[in-house]
Amino acid sequence: MNLLSMDTVAKYKQIHAHLLEAESVFITAHPRCGDALGSTLSMALWLDSVGVSYTIFSAEDVPEEFMYLPKAHEVVCDPSAVHLSEFDTLLVLDSGDLRHARIHDKVANEVRGSQTTMVNIDHHITNSLYGDIAVVNTAAPSTTCMLYDFFVANNIAITKEIATCLLTGILYDTGIFTNGATNQNALATSAKLLSSGLPLNTVVDALAKNKTIDLLRLWGQVLSRLEHNEKFHIVHTGMMLADFEQFGTLAGAGELANFLNNLSEGYDHEGVR
Ligand SMILES: [Mn+2]
């Protein structure tokens, strides 16, 4: 386990105890993100093993490249198919706030008072510490790295399936160990996860070798507009709505931000979290 404060360990134990007593857990995170999905699915796998019922929700469809993840097919993406009043616990992961998770309106309209407990586990610097129990570590490379500590702190066995979800989150948020989120915690946790026997090639191929021809053409168009602002020493470009219409694809477009980390010449690299 990574070095944790007594307070964090206490909160992880509190969350663990609460989830074991829960009748029905709504698990969500922000959409279209490997760390968000890895986080929600790893918790679903554990809740399954202890017989707690849950629903996994994402405000958008799960991108095709993440379909190798266990339980990816169980994710509900239709907001009208779930009603939050049916859950006693909302587990919100990898989301700076409820708008980031795209459940702000549902929470405002559907949650009934104090019988509902909201748990917030996240690493975004924007996190507003919402919820009844919040654990936020802005130094964590990914939320799945935090969940690794959650599992270890509570003596939960990290199965090959859980490890696959957790490593996906680390590799996604660090741009496969290339952006500024990469640190000792990311590498050490990944090394420990590998001992579960998870399919490393499947995960890396899904995250790195997932570009369609249309997507690369879209990137090409956006990259051809790169400009260097000498005064501020920044490189910028823009994606237009017309680009998406022309190439008929949105999937993977956001990853271009991580691809720009390949720039040389000492630019600060801030990846997608
Ligand atoms: Mn993240």
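Everything numeric in this text was worked out from a predicted model, so none of it was measured.

Parameters at a glance
- Residues numbered from 1 in each chain as written.
- Predicted model: local features only at pLDDT ≥ 70, side-chain atom pairs only at ≥ 80, totals over all residues.
- Heavy atoms only, no water.
- Helix = DSSP H or I, 4+ residues; strand = E, 2+ residues; numbered from the N terminus.
- Rg over C-alpha atoms; globule rule 2.2 N^0.38 Å.
- Buried < 20%, exposed > 50% of the residue type's maximum accessible area, 1.4 Å probe, protein only.
- Contact = heavy atoms within 4.5 Å.
- Domains from an automatic or database assignment.
- Buried area = accessible area lost by both parts, 1.4 Å probe.
- Salt bridge = Lys/Arg side-chain N within 4 Å of Asp/Glu carboxyl O.
- Pairing = 2+ DSSP bridges.
- Axes fitted to C-alpha atoms, helices over the stretch in contact; angles between N-to-C directions.
- Right-handed = clockwise from strand over helix to strand, strands pointing away.
- Core = buried A, V, L, I, M, F, W, Y, C linked by side-chain atoms within 4.5 Å.
- Disulfide = S-S within 2.5 Å.

S.K.: Help me understand the overall build of the chain, please; the structure alone is not making it clear to me.
M.R.: Scanning the chain from N- to C-terminus turns up 10 helices and 7 strands. Relative to its length of 273 residues, the chain is compact, with a C-alpha radius of gyration of 19 Å against a globular reference of 19 Å. When burial is assessed residue by residue, the chain has 48% of its 273 residues classed as buried. Restricting the contact set of the chain to residue pairs at least 6 apart, pairs at least 24 apart contribute 68%.

S.K.: Got a minute to help me understand the domain arrangement of the chain in this structure?
M.R.: In many reports, interface size means the accessible area that the parts give up when they come together. When its domains are assigned, the chain resolves into domain 1 (6–207) and domain 2 (212–262). Inter-centroid distance (C-alpha atoms) of domain 1 to domain 2 is 29 Å. At the interface, 5 residues of domain 1 touch 4 residues of domain 2. Carbon and sulfur atoms supply 34% of the area that domain 1 and domain 2 bury against each other, a total of about 380 Å² over both sides. Its largest share of buried area at the contact with domain 2, domain 1 owes to Arg32, Glu65 and Asn179, together 56% of the area lost on that side. Linking domain 1 with domain 2 are 0 salt bridges.

S.K.: Whenever I open this one, the sheet that holds strand S3 (residues 89–93) confuses me. Can you help?
M.R.: Paired through their backbone hydrogen bonds, the strands of a sheet run either parallel or antiparallel. Taken together, 5 strands build an open sheet; the order of strands is S2-S1-S3-S4-S5 and the sheet is parallel. Edge strands, defined here as strands with exactly one partner in the open sheet, are strand S2 (53–57) and strand S5 (133–136). The sheet shows a mean angle of 15° between the axes of neighbouring strands, direction not considered. Bridging between strand S1 (residues 24–29) and S2 involves 5 bridges; their strand directions are parallel. Paired with Thr28 across the two strands is Phe57, which belongs to S2. Contacting S1, S2 and S3, helix H2 (residues 34–49) crosses the sheet at an angle of about 160° to S1.

S.K.: When you look at the environment of Leu93 in this model, what are you seeing that I'm missing?
M.R.: Note on placement: Leu93 falls in strand S3. C-alpha separation for the pair Leu93 and Asp35, spaced 58 residues apart in sequence, amounts to 9.2 Å. Each residue touching Leu93, except ones within four places of it in the same chain, is listed here: Ile27, Thr28, Ala29, His30, Ser39, Thr40, Met43, Ile121, Thr143 and Leu147.

S.K.: Please explain the pairing of S2 as it appears in this structure.
M.R.: Consecutive side chains along a regular strand alternate between the two faces of the sheet. Counting buried positions over the 5 residues of S2 gives 4, a clear majority of the element. Taken together, S1, H2 and S2 constitute a β-α-β crossover, and its handedness is right-handed.

S.K.: I tried to follow the pattern of salt bridges on my own but got confused; where do I start?
M.R.: Side chains that differ in charge, positive against negative, can pair when their charged atoms come close. Overall, the coordinates contain 8 salt bridges when judged by the stated rule. Here Asp7 makes a salt bridge to Lys11, at a shortest N to O gap of 4.0 Å. Placement of the pair is Asp7 and Lys11 together in helix H1 (residues 6–21), with a separation of 4 residues, close to one helical turn. Judged by relative accessible area, which is 47%, Asp7 ranks as partly exposed. With a shortest N-O distance of 3.8 Å, Arg32 and Glu60 are connected by a salt bridge. Here Glu60 lies in the loop between S2 and S3 and Arg32 lies in the loop between S1 and H2, a separation of 28 residues in the sequence. Look at Arg32 and you get partly exposed, because its relative accessible area is 33%. Residue classification places Glu60 among the partly exposed positions, given a relative accessible area of 26%.

S.K.: What exactly am I supposed to notice about the pairing of strand S4 (residues 117–122) here?
M.R.: With 6 of 6 residues buried, S4 lies mostly within the body of the structure. By the alternation rule, side chains of S4 split into Thr117, Val119 and Ile121 and Met118, Asn120 and Asp122, which are all buried. Pairing of S3 with S4, which is carried by 5 bridges, proceeds in the parallel orientation. Counterpart to Val92 in the pairing with S4 is Asn120. The handedness of the S3 to S4 crossover, carried by helix H3 (residues 104–110), is right-handed.

S.K.: How should the nonpolar core be read in this particular structure?
M.R.: Buried together is how nonpolar side chains tend to be arranged in soluble globular proteins. In terms of nonpolar packing, the biggest core is built from 52 residues, with Leu19, Val25, Met43, Trp46, Phe150 and Phe151 touching the most fellow members. Apart from the residues lying within four places of it in its own chain, the contact partners of Phe150 are Tyr12, Ile15, His16, Leu19, Met43, Trp46 and Ile156. Leu90, Leu98, Ile103 and Met118 belong to the second-largest nonpolar core, a separate cluster that totals 13 residues.

S.K.: So what exactly am I meant to see when it comes to the state of the cysteines here?
M.R.: Disulfides are covalent bonds that link the sulfur atoms of two cysteine residues. On inspection of all chains with the given rule, the structure shows 0 disulfides. The structure places no disulfide on Cys145, whose sulfur is separated from the nearest cysteine sulfur, that of Cys33, by 14 Å.

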